[in-house]
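If you want the building blocks of each chain, they are given just below.
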Amino acid sequence: GVEVEVLARSTHGFSGADITEICTSASKLAIREAILKEEDRLKKVAAGELEEDEGKQDDRDMLVTKRHFNFAMSKARRSVSEKDLALFEEFAEKQKAGRGEAATNFKFADADELADGEEEDGDAGMGD
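Values in this document were obtained by computation on a predicted structure and should not be read as measured data.

Quick notes on the rules
- Residues numbered from 1 in each chain as written.
- Predicted model: local features only at pLDDT ≥ 70, side-chain atom pairs only at ≥ 80, totals over all residues.
- Heavy atoms only, no water.
- Helix = DSSP H or I, 4+ residues; strand = E, 2+ residues; numbered from the N terminus.
- Buried < 20%, exposed > 50% of the residue type's maximum accessible area, 1.4 Å probe, protein only.
- Contact = heavy atoms within 4.5 Å.
- Areas by Shrake-Rupley, 256 points an atom, 1.4 Å probe, with all protein chains shown as cover.
- Core = buried A, V, L, I, M, F, W, Y, C linked by side-chain atoms within 4.5 Å.
- Salt bridge = Lys/Arg side-chain N within 4 Å of Asp/Glu carboxyl O.

1. Focus: the overall build of the protein chain
When its secondary structure is counted, the protein chain shows five helices and zero strands. A burial count over the protein chain gives 13% of its 128 residues as buried. For the protein chain, the share of sequence-separated contacts (at least 6 apart) that also reach a separation of at least 24 residues comes to 70%. Only carbon and sulfur atoms are counted for the fraction: they give 53% of the accessible area of the protein chain, which is about 10600 Å².

Here it is as structure tokens:
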């Protein structure tokens, strides 16, 4: 089968949309091949070379294989530049650092504080 880890290593720096395009291309190729194979089989049935049920594909045998992914990868291109990747990684690190800090300092006011008139932004009676 297709090794997801190999695909992941091969697509480092690709966007989600880029990877989606690779998967879509591989699956379309597999579908196209299955259709062509069935059309060929039906021609042979019409020519009397095969019986009606002979050579039918089982749906469980129709798989997207390494060969389909290899073809899709040969056509794949990254849409994100190294510069943009570096900017994104810097942004992600800043977000991660900020999230950790915000999560430890954030607190909803409890009922006693609200009763003492510490409501803000006119949220009186907004429930829990």
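2. Brief notes about the environment of Phe 69
Topologically, Phe 69 is positioned in helix H3 (residues 66–75). Sequence-distant contacts of Phe 69, defined by excluding residues within four places in its chain, comprise Val 2, Leu 7, Ile 22, Cys 23, Ala 26 and Val 64.

3. Let's talk about the nonpolar core
In terms of nonpolar packing, the biggest core is built from six residues, these being Leu 7, Phe 14, Ile 22, Ala 26, Phe 69 and Ala 72. Elements with a minimum of two residues in this core: helix H2 (16–46) and H3. Ala 26 has contacts with Val 64, His 68, Phe 69 and Ala 72, leaving out every residue within four places of it along the chain.

4. A closer look at the pattern of salt bridges
For the structure shown, the criterion picks out eight salt bridges. For Lys 66, the salt bridge goes to Glu 3, with nearest N and O atoms at 3.5 Å. Placement of the pair is Lys 66 in helix H3 and Glu 3 in the segment before helix H1 (4–10), with a sequence separation of 63 residues. The salt bridge involving Lys 96 is made with Glu 93; its shortest N-O contact spans 3.7 Å.

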